[in-house]
2 protein chains.
Amino acid sequence: MKMVDEAEVTAAAIGPCAAIPAEHMGFIRETLDRVGDKWSLLIIAVLEPGPLRYTDLQRQVPGISQRMLSLTLRQLAEDGLITRAAYAEVPPRVEYTLAPLGRGLHEIVTSLIGWAADHHDEIRANRERAATTGS
Amino acid sequence: MKMVDEAEVTAAAIGPCAAIPAEHMGFIRETLDRVGDKWSLLIIAVLEPGPLRYTDLQRQVPGISQRMLSLTLRQLAEDGLITRAAYAEVPPRVEYTLAPLGRGLHEIVTSLIGWAADHHDEIRANRERAATTGS
DNA sequence: CTGCATCCTCGTTGATACTG
DNA sequence: CAGTATCAACGAGGATGCAG
């Protein structure tokens, strides 16, 4: 719960200076660094259909190393975006599930992915045209 | 194709493969690396109210270096997310404007920022609790 | 199977100085 | 004012090996 009233935020946003007041830059960057890193978003995305085990994740996110998988998973769990359920059995089994918080984020992620899917051709074209023009 | 292990079966049972097919991973990552980097999103955000000059951007995005500002600006322009208008006058003047493509992205960005604003306290709390529990 | 520790590489960033 | 060029530093990330 933040103590700032929404109207006040909006008023500040449309104000003369910037869409994002300096006070907000901090946690925006902070949050973005979490979800915007190389793997978090992908993990959240593949976790959406249902719980997955460590090895499954490694298979479904091609290119990720064990190190990064462990690291990202831990971080995501610490942030409460996913939950970790470890079964002390033999063989060991650990399942990762999308927590409600992560699920909320997934909505946004889906939008972003949709946008990427819709416009990546356009972006590509723009980039190549720029490269051609520039050379 | 008959080497179907349990993980594959489980994944298949939940859904076809994943929320994100492997074919999409590429440009998702590609797009995310664009907009998810340290500065692009901030620049897009501050550009939303209207065109800004180089120095204005440097002022409104505190902490950014000239190098990163130039780099990010150029990349954004090449991708067609912003437009660059240079007036060969004296003194030199260059204005950067949010292009339609960038404006579309801004919608998503706004959602993400909203989510960050709504949940950063929660994330913080979760993280600290995890740290406490873990130690 | 799950995951951590170590080492090492390499890309990204920032500081500084310089040009049109 | 609006950049570009060079250098140095930092940190993310990959490979490997080992432990529970």
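We now turn to the structure provided with this report. (Residues numbered from 1 in each chain as written. Chains lettered and ligands numbered in written order. Predicted model: local features only at pLDDT ≥ 70, side-chain atom pairs only at ≥ 80, totals over all residues. Heavy atoms only, no water.)

### Describing the sheet that holds strand S3 (residues 93–98) of chain B
Residues and elements named next belong to chain B. Our working rule: Paired strands are those between which DSSP finds at least two bridges. Numbering of helices and strands runs from the N terminus; a helix is a DSSP stretch of H or I covering at least four residues, while a strand is a stretch of E covering at least two. Here a residue-residue contact requires only that any non-hydrogen atoms of the pair lie within 4.5 Å. Every axis in this analysis is a line fitted to C-alpha atoms, fitted for helices over the stretch in contact. Angles between the N-to-C directions lie between 0 and 180 degrees.
An order of S1-S3-S2 is seen for the three strands of this open sheet, with the pairing classed as antiparallel. Two strands close off the open sheet at either side, each with one partner strand: strand S1 (52–53) and strand S2 (82–87). Bridge count between S2 and S3: six bridges; the pairing is antiparallel. Each residue of the ladder has a partner; that of Ile82, found in S3, is Leu98. Sheet contacts for helix H3 (residues 40–47): S1, S2 and S3; angle to S3, the most-contacted strand, approximately 95 degrees.

### Quick look at the pattern of salt bridges
The test is simple: The term salt bridge refers to a pairing of a side-chain nitrogen on Lys or Arg with a carboxyl oxygen on Asp or Glu at a separation within 4 Å. Per-residue accessibility, obtained with a 1.4 Å probe over protein chains only, is compared with the maximum for each type, and a residue is labelled buried under 20%, exposed over 50%, and partly exposed between these values.
Per the counting criterion, the structure on display carries seven salt bridges over all chains. We note a salt bridge from Arg127 of chain B to Asp79 of chain A, for which the minimum N-O separation is 2.9 Å. Of this pair, Arg127 of chain B sits in helix H6 (residues 100–134) while Asp79 of chain A is found in the loop between helix H5 (66–78) and strand S2 (82–87), placing the two residues in two different chains. The burial state of Arg127 of chain B is the same as that of Asp79 of chain A; both residues are buried. Of the charged contacts, one joins Glu89 of chain B and Arg93 of chain B as a salt bridge, the two residues approaching to 4.0 Å between their closest N and O atoms. Assessed through its relative accessible area of 43%, Glu89 of chain B is described here as partly exposed.

### As for the interface of chain A and chain B
The condition that has to hold: Accessible surface is computed with a 1.4 Å probe, and the buried area is the amount of it that two parts give up when combined, taken over both parts together. What qualifies as a polar contact is a pair of N or O atoms within 3.5 Å, subject to a donor-acceptor requirement within protein and to the restriction that residues adjacent in sequence count only when both atoms come from side chains. Note that Gly is not counted as nonpolar here; it falls among the polar residues with everything else outside the nonpolar set of Ala, Val, Leu, Ile, Met, Phe, Trp, Tyr, Cys and Pro and the charged set of Asp, Glu, Lys and Arg.
Listed per partner, the contact involves 51 residues of chain A and 51 residues of chain B. When the two sides are added together, the surface that chain A and chain B hide from each other amounts to roughly 4,900 Å², 71% of it contributed by carbon and sulfur. Here chain A and chain B share two salt bridges between them. Along the contact surface separating chain A from chain B lie six residue pairs in polar contact (both at pLDDT 80 or more). Secondary structure elements with two or more residues in the side of chain A that touches chain B: helix H2 (22–35), helix H3 (40–47), helix H4 (54–60) and helix H6 (100–134) of chain A. For the side of chain A that touches chain B, the element with the most residues is H6 of chain A, which contributes 18 residues. The residue makeup of the side of chain A that touches chain B, split by class, is 28 nonpolar, ten polar and 13 charged.

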